[in-house]
Amino acid sequence: MTPELAIDKLKKGPHDAPAVEAFMNAHTFPLVEGGKVTFVFRGQVEAVHLKSWVYGLPNSQPLHHLKDTDLWHFTLDIPPKSRVEYKFEIVRNGNGQWIEDPLNPYRATDPFGANSVVHGEGYTIPEWTQVDPDARPGTLEPWVVKSKAFNDTRGFLVYLPARFRKTRRYPLLFVHDGPDYVRFANLKTVLDNLIHRLEIPDLVVALTGSPNRLGEYADDERHARYVTEEAIPDLEARLPLIGQPRGRCLMGASFGGVASLSTAVRYPGFYGRLLLQSGSFAFSDIGHQNKRGPAFEPVVKFMNRFRENPVLVADKAFISCGMHESLIYENRSLIPMLQTTELELKYVEARDGHNWENWRDRLREGLSWLFPGPLRMVYE
Amino acid sequence: MKGALLGPQQLKVTLGAAVSAVGREGPLALVTCGWQEREDNDEDLPGQLGRKTINLKLYERGEQVLAADKPFAKAHRARQDQLRQIQEFYRLRLERTFDAALDIARKSAGTDLEADELRLSMEQIRRIDQEHLDRVSALREAYEVQLRPRERPVIAKHRKELKEILDSVGLLAIAGGHVAVLLNRLRMFGVKDLLSDHALVAWSGGAMVTGERVVLFHESPPEGFGISEVLEQGIGLHAGVLPLPNPKLRLKLEEPLRVGWLSRRYAPSKCVAMDQGDFVLFDDGKWFGEEGTVLLKEDGSVGTRWTDVQVKQ
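Residues numbered from 1 in each chain as written. Chains lettered and ligands numbered in written order. Predicted model: local features only at pLDDT ≥ 70, side-chain atom pairs only at ≥ 80, totals over all residues. Heavy atoms only, no water.

*Asks:* What is the right way to read the side chain of E85(A) from this model?
*Replies:* Residues and elements named next belong to chain A. With respect to the helices and strands, E85 occurs in strand β7 (residues 83-92). Accessibility expressed as a relative area gives 9% for E85, which makes it buried. Within the local environment of E85, its side chain forms a polar contact with the side chain of R83, the two groups lying 2.7 Å apart. Within polar-contact distance, the side chain of E85 engages the side chain of N115 at 3.1 Å. Excluding residues that lie within four positions of it along the chain, E85 makes contacts with K51, S52, W53, A108, N115, S116, V117 and N355. (Helix = DSSP H or I, 4+ residues; strand = E, 2+ residues; numbered from the N terminus. Buried < 20%, exposed > 50% of the residue type's maximum accessible area, 1.4 Å probe, protein only. Polar contact = N/O pair within 3.5 Å; in protein donor to acceptor, adjacent residues only side chain to side chain. Contact = heavy atoms within 4.5 Å.)

Below, the structure is given as structure tokens:
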């Protein structure tokens, strides 16, 4: 028999001010009880809505008002190990305002601001994403490449591992939206930790960005040329890199995933590894129409072409996607296409959404699968 | 032989205490070839060990041998490839057998019949380990008969130099690092046979390769269950204890199933976990002064003060 939820007990009994205070003092919020999560808001408002971006659920769900109190509540089924980002919309004087949950200390940040986060039962923030004082930090060096493809100069950061030596040869990870990966997905900390734990080898990582990512990352020929004929040759000329397909990996999330895949498709045999997270791999089975907006038009054309003729684009690819995001359909559809080639593929789904912490939490599995470290052989 | 085996030294340095406890005076010979290209980054060690050190530079010497003796280098690399292949096949066999053993353990409700099945699983795993050890040892012996490494001029020259250094010291210190490289270089130059009454101080990977057999382990790798595997026989400078350095990172000592299995699998050797700075002393087959080290027991528990147990040789 399912145990009675705390909110139901409160509703049943007298819910005067002392009872509400006792309820609030006895719990942290959102209140996770098995697979149920109760969201609570307190305040003199006209309405409260839960705003979330979970594919399959309404984007907006009203909280219920507990009569004669200032308490609003709503209970949602959230499977174990889920992560859900959300906001509240509170309505006062007929005007709605989106706010973070004042009762929840957990936040996730992204380039657009911050959301509150609820962790389903069993989810914990992976310890390897947090700073480990034992791990020697790598360095971030500024890098500049003149680009004929874009007729401008591109600057980015290059991560060098703590024990970088010019006499060794390193694999190169070329990251789209690199600064966002560092800021919102702790990529530098993750690299420091995984290298320290020998779960991945020492890597050189190009943390690149774009002034117009929706344009340049959407199968733009200039981007593929810039990466393959300009940026990477420059890196390989000036740093001790392996300089072979097995030592070149393209990585990106969302449109960065499209940029990674389309660049590899344009230069078959040049890249040996791909790490694609929640790729915006929109396609259409009839025509080129799409419901996602004009930015996706070149993506749909590219994906339709690729789906008609899936070719081997790398030796190994790690692909991940959140079950709570609408792109799960496109990502699931891509897998059988890639499996028709000789690509060695690992595909992982997580109970999470289209956000940086989902992408952060999959980095260990992806990077260590693409670049296994010497942890079994080295004992220092 | 007498000596000390230690856990990692990055966060808590106890090398000086271990050297003092071993009690040999004078300079010591140092092996850091497990660090590969970083072999000569040993500037902190004389201070930590409290002695003047002479680095044997086995990695650099090995590279010189491979550059100077091409036929040897070719045969050496071919053997390394064979060893890698054998290790992969052994790992495949081990994983399948281990999966079956785990399934049986999960289904077991503790009856005598199930206990027999579990014992059978363990015997199978131990047999696979032993067959792998035998196979690798046979390959190594065949290689040594065929190539006679110690009779090759370039190796003989280095061995002569190494003997002079070792004759001038009473203590050999071996750092950790890449255990296959450590084994490879210690064997290439026959270091064991150049020792006389030397004492040993070995930490982390150094402690692992100087035992009877080398076991690779990591129970929380990025993927999979993390089954330990036998690499090959060790150099054999100490016996009776299987050193497991850095348990905080590599073992799950809080899980009795894993602890018990590890302990039974490698019995009669005693599985001993050594965290940062932990060390244990040995002298002619007797183990004592188990500073911080932890014994993994067959019943799945762990214990300290384990050297009260007489270790069989």
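Text resumes after the structure shown.
*Asks:* Looking at this structure, how should I read the sheet that holds strand β6 (residues 71-77) of chain A?
*Replies:* Neighbouring strands of a sheet are bound in pairs by backbone hydrogen bonds; such pairs are parallel or else antiparallel. All names here are of chain A. Spatially, the four strands line up as an open sheet ordered β1-β2-β6-β5, and their pairing is antiparallel. Strands with a single pairing partner mark the edges of an open sheet, and in this sheet they are β1 (31-33) and β5 (64-65). Where β5 meets β6, two bridges bridge the pair, whose relative direction is antiparallel. Across the sheet, the residue bridging to H65 is W72, located in β6. (Pairing = 2+ DSSP bridges.)

*Asks:* Sorry, what's going on with the domain arrangement of chain A here?
*Replies:* The extent of an interface is frequently quoted as the accessible surface area lost upon association of the parts. All names here are of chain A. In terms of domain boundaries, chain A breaks down into domain 1 (6-119) and domain 2 (127-370). Each of domain 1 and domain 2 has a C-alpha centre, and the two are 36 Å apart. The partner domain 2 presents 15 residues to the 15 residues of domain 1 that form the contact. The junction of domain 1 with domain 2 conceals about 1100 Å² of combined surface from both sides, 54% of it contributed by carbon and sulfur atoms. Among the residues domain 1 hides against domain 2, the three largest losses belong to Y55, R83 and P111. Together they make up 50% of the total. Counting across the domain 1 and domain 2 interface gives two salt bridges. (Domains from an automatic or database assignment. Buried area = accessible area lost by both parts, 1.4 Å probe. Salt bridge = Lys/Arg side-chain N within 4 Å of Asp/Glu carboxyl O.)

*Asks:* When you look at the pattern of salt bridges in this model, what are you seeing that I'm missing?
*Replies:* Where side chains of opposite charge bring their charged atoms close, a pairing between them can arise. Residue and element names in this part refer to chain A. For the structure shown, the criterion picks out 48 salt bridges over all chains. Among the ionic pairs, R238 bridges to D234, the shortest N-O distance being 2.7 Å. One end of the pair, R238, and the other, D234, are both in helix α6 (residues 221-238), four residues apart, so they sit about a helical turn from each other. Note on R238: relative accessible area 49%, which makes it partly exposed.

*Asks:* I would appreciate a short explanation of the side chain of S116(A) in the present structure.
*Replies:* All names here are of chain A. You can see S116 is positioned in strand β10 (residues 113-119). We classify S116 as buried; its relative accessible area is 0%. From its side chain, S116 meets the backbone nitrogen of D101 in a polar contact 2.8 Å long. Here R107 takes part through its side chain, which lies 3.5 Å from a polar atom of the side chain of S116.

*Asks:* It is not clear to me how the interface of chain B and chain A should be interpreted in this structure. Could you clarify?
*Replies:* In this assembly, 32 residues from chain B lie in contact with 17 residues from chain A. Where chain B abuts chain A, roughly 2100 Å² becomes buried across the two surfaces, and 50% of that area is made up of carbon and sulfur atoms. Sorting the residues of chain B by area buried against chain A places R38(B), P222(B) and R250(B) first, and these three jointly supply 28% of that buried surface. Joining chain B to chain A, the criterion identifies two salt bridges. The interface formed by chain B and chain A contains 13 residue pairs in polar contact (both at pLDDT 80 or more). Elements with a contribution of two residues or more to the side of chain B that touches chain A: β5 (177-178), α7 (179-188), α8 (205-209), β7 (213-216), β8 (229-233) and α9 (247-250) of chain B. With two bridges connecting them, strand β19 (residues 378-379) of chain A and β5(B) associate as antiparallel partners. Paired with Y379(A) across the two strands is G177(B), which belongs to β5(B).

*Asks:* Is there a simple way to think about the pairing of strand β2 (residues 28-31) of chain B in this case?
*Replies:* It is a general feature of regular strands that their side chains alternate between the two faces of the sheet. Residue and element names in this part refer to chain B. Taking every second residue as pointing to the same face, both faces of β2 are buried, with L28 and L30 on one and A29 and V31 on the other. In this sheet, strand β3 (residues 53-55) lies alongside β2 in parallel orientation, the contact comprising three bridges. Residue pairing in the sheet places L30 in a bridge with N55 of β3. When β2 meets strand β4 (residues 171-174), the two strands line up parallel, connected through three bridges. Residue L30 lies in a different strand from β4, and its bridge partner there is A173.

*Asks:* I tried to follow helix α7 (residues 255-266) of chain A on my own but got confused; where do I start?
*Replies:* For an α-helix, 3.6 residues make a turn, and residues three or four places apart therefore share a direction. Residue and element names in this part refer to chain A. The end-to-end C-alpha distance of α7 is 16 Å, a good match for the 16 Å that 12 residues give at a rise of 1.5 Å each. For α7, the tally of buried residues reaches 10 of 12 residues, placing the bulk of the element in the interior. What α7 keeps buried is the set F255, G256, G257, V258, A259, S260, L261, S262, T263 and A264. Where α7 is buried, its residues contact α5 (213-216), α6, β15 (248-253), β16 (273-277), α8 (297-308) and α9 (328-339). (Expected span 1.5 Å × (residues − 1).)

*Asks:* Please explain the environment of P245(B) as it appears in this structure.
*Replies:* Looking at the element boundaries, P245(B) is found in strand β9 (residues 241-245). Given a relative accessible area of 1%, P245(B) falls into the buried group. Between the alpha carbons of P245(B) and W203(B) there is a distance of 8.1 Å; along the sequence they are 42 residues apart. Not counting the four nearest positions on each side in its chain, P245(B) is found in contact with Y379(A), P8(B), S204(B), M208(B), F217(B), R250(B) and M274(B).

*Asks:* Please clarify how the packing of aromatic side chains should be interpreted in this entry.
*Replies:* Any two aromatic rings considered together are summarised by their centre-to-centre distance and by the angle between their planes. In the structure shown here, the tally under the stated rule is 19 aromatic pairs over all chains. Judged by centre distance (4.8 Å) and plane angle (75°), the rings of F39(A) and Y86(A) are edge-to-face. A residue pair is termed long-range when its members are at least 10 positions apart, and F39(A) in strand β2 (residues 36-42) and Y86(A) in strand β7 qualify at 47 residues. With relative accessibility at 0%, the residue F39(A) sits in the buried group. Measuring from ring centre to ring centre gives 5.0 Å for F282(B) and W287(B), while their planes differ by 35°; the resulting arrangement is tilted. The class of F282(B) is buried, set by a relative accessible area of 3%. (Phe/Tyr/Trp six-rings, centres within 6.5 Å; stacked < 30°, edge-to-face > 60°.)

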